[in-house]
Amino acid sequence: MAAQGDGQAWAFERAAELLVSSRYTIGMTGAGVSVESGIPPFRGPGGLWTRDGEPPLDAYQRFLADPKGYWEQRLDAPNEIVQALMRAQPNAGHYAMVALEQLGMLRCLITQNIDNLHRAAGHQQVAEIHGNAQRLRCIQCRQRFPLAAIPISRDALPPRCPECAGIIKSDTVHFGEPIPPDVLEVCFREARQADCMLVAGTSAFVYPAASFPQMVKEQGGALIEVNLYETPLTPLADCSLRGPFAEILPAVVERVRAKLIA
Ligand SMILES: [Zn+2]
C-alpha cells in the first residue's frame, strides 16, 4: 500500500497497540475525511470559501431576522456544497471507523463534518458539532428531524416544528450560531473520560474541536493522528499516520484485528 512506507510500520504498530490497550477511545474527524468522498472543503486550497469568500459572520442573526427569506433562498438556489453532499458516499475510512466502533474500540465519534457520511456508513455514536445537513432542527425545542419528515411548502415559510411550533432551520450550525448545547455536552463528557483519541482529517484549530485532543492529552491520554499533512496537533501526537484516511484507517483496523487474534 502506497501510504505505508517502512518508516510508517512503527506508527501503525503503535496505533494498533494504543487502540487495543486503551480503556476508552474516542474519535474526531474533520474536512479531510469528507474530501476523500468528493466533498469540497470550505477552507484551504480549492476550498469553497477560499474561492467564493466566507459566508457572512452573522449568518445566524440574518436567519433569525428573516427566516422566511432564508428558506426562500434555500429553495431557490441549492448551492454547490448541497449538491456535493447529496452525491457523496462513505469511503473505506468511514467503514473502518465503524469496524472500530463494533470492536468496542471507539466509544464516540465527534465530527466537524455535516455530510452524514459516518452515520450512512453505519456509525452509531456520532456527535456532530456543526450539525447534519440531512437533518432539520427546531430552534426552540432543538428536536432534530430527517429532511423528509418536515413538509416544506412555499406558501408556509418558514416551516414550523410539529412538536412546539418553533421555527425550523437546517441542523447545520451557521456562523454566529452557538454550537447546540446538547451536542457540546456529549463532546465534553466523552472527552473527559477518554484515555485515547484518534483524530483524522482535521488540524483541529477551530474551537471547540481544538479543546478535545488538548483535554485528552492533559488527562494523560494518548493521541493518534491520521492526516495527509503535519498539523498543529502533530507535536502532541503519540503517533502520526501520514496518508489518506481511506487507506490508513483500514490498515489500522487490520492490525488491530491481528492483535486481537494473537
Ligand atoms: Zn420544536
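Within each chain, residue numbers correspond to sequence positions counted from 1 in written order. Confidence filtering applies because this is a predicted model: local features only for residues at pLDDT of at least 70, side-chain atom pairs given and counted only at 80 or more, and all residues used for totals across whole chains, interfaces and linings. Side-chain measures were taken over the full set of non-hydrogen atoms in the model, leaving aside hydrogen atoms and water.

Participant: What am I meant to see in the coordination of the zinc ion here?
Facilitator: Tetrahedral coordination by four donors puts the ideal angle at the metal at 109.5 degrees, and octahedral coordination by six puts it at 90 or 180 degrees. Protein coordination at the zinc ion: the donors are C138 (SG), C141 (SG), C161 (SG) and C164 (SG), at 2.2 to 2.4 Å from the metal. Bound by 4 donor atoms, the zinc ion shows angles of 96 to 117 degrees at the metal and therefore tetrahedral coordination geometry. Coordination of the zinc ion draws on donor residues from a single chain, spaced C-x2-C-x19-C-x2-C in sequence. Here the residue C141 occupies a position in the loop between β4 (135-138) and β5 (144-146), and C161 occupies one in the loop between β5 and β6 (168-170), the gap between them amounting to 20 residues. Partly exposed describes any residue whose relative accessible area lies between the buried limit of under 20% and the exposed limit of over 50%, with all areas from a 1.4 Å probe on protein chains only and scaled to the type maximum. Under the relative-accessibility criterion, C161 is labelled buried at 5%. Nitrogen, oxygen and sulfur within 2.8 Å of a metal are treated as its donors, or within 3.2 Å for sodium, potassium and calcium (Na, K, Ca); water is not counted, so a site can appear incomplete. Under the classification used here, a metal with four donors is tetrahedral if each angle lies between 85 and 135 degrees, square planar if opposite donors are over 155 degrees apart and the others between 65 and 115, a six-donor metal meeting that same test is octahedral, and anything else is irregular. Under the scheme used here, helices are H or I runs from DSSP no shorter than 4 residues and strands are E runs no shorter than 2 residues, and both carry numbers assigned from the N terminus.

Participant: What is the right way to read the nonpolar core from this model?
Facilitator: One recurring pattern in soluble globular proteins is that nonpolar side chains are buried together. Residues belong to one nonpolar core when they are buried, are Ala, Val, Leu, Ile, Met, Phe, Trp, Tyr or Cys, and are joined through side-chain atoms within 4.5 Å. By size, the foremost hydrophobic cluster in this structure holds 29 residues, and its most contacted members are L100, I224, L241 and L249. Sorting the residues of this core by element identifies α1 (6-21), α7 (92-102), β7 (196-200), β8 (222-227), β9 (239-242) and α11 (245-261) as the ones contributing at least two each. For this core, the leading source of residues is α11, giving 7 residues. The contact criterion used throughout is that any non-hydrogen atoms of two residues lie within 4.5 Å. When near neighbours in sequence (up to four residues on either side) are disregarded, L100 contacts L19, M105, L106, L198, L249, V253 and V256. Core analysis: the next-biggest nonpolar cluster, separate from the first, contains 21 residues, M28, C108, M197 and L233 among them.

Participant: Mind showing me how you'd approach the sheet that holds β7 here?
Facilitator: Each strand in a sheet pairs with another by means of backbone hydrogen bonds, the pair being arranged parallel or else antiparallel. By the convention used here, strands pair only if DSSP detects at least 2 bridges between them. With respect to topology, 6 strands assemble into an open sheet ordered β3-β2-β1-β7-β8-β9, the strand pairing being parallel. Because the sheet does not close on itself, it has two edges, and the strands there are β3 (126-128) and β9. On average, each strand axis in the sheet is tilted by 15 degrees relative to the strand beside it, whichever way the strands run. Sheet topology places β8 next to β9; 4 bridges connect them, and they run parallel. The residue of β9 that forms the bridge with I224 is C239. Between N-to-C directions, angles cover 0 to 180 degrees, with each direction set by a line fitted to C-alpha atoms, over the stretch in contact for helices. Across the sheet, helix α10 (residues 211-218) lies against β1 (25-29), β2 (108-111), β7 and β8, angled at about 150 degrees from β7, the strand it touches most.

Participant: Would you explain the environment of P158 in this entry?
Facilitator: Mapped onto the elements, P158 comes out in the loop between β5 and β6. With 86 residues separating them along the chain, P158 and E72 place their C-alpha atoms 8.6 Å apart.

Participant: Would you mind going over the side chain of T29 with me for this structure?
Facilitator: The topology assignment puts T29 in strand β1. By relative accessible area, which is 0% here, T29 ends up buried. Within polar-contact distance, the side chain of T29 engages the side chain of T111 at 2.8 Å. In contact with T29, not counting residues within four places along its chain, are M97, L109, I110, T111, Q112, N113, H118, A200 and T202. By the criterion applied in these results, polar contacts are pairs of N or O atoms within 3.5 Å in which, for protein atoms, one can donate a hydrogen and the other can accept it, and in which residues neighboring in sequence qualify only through two side-chain atoms.

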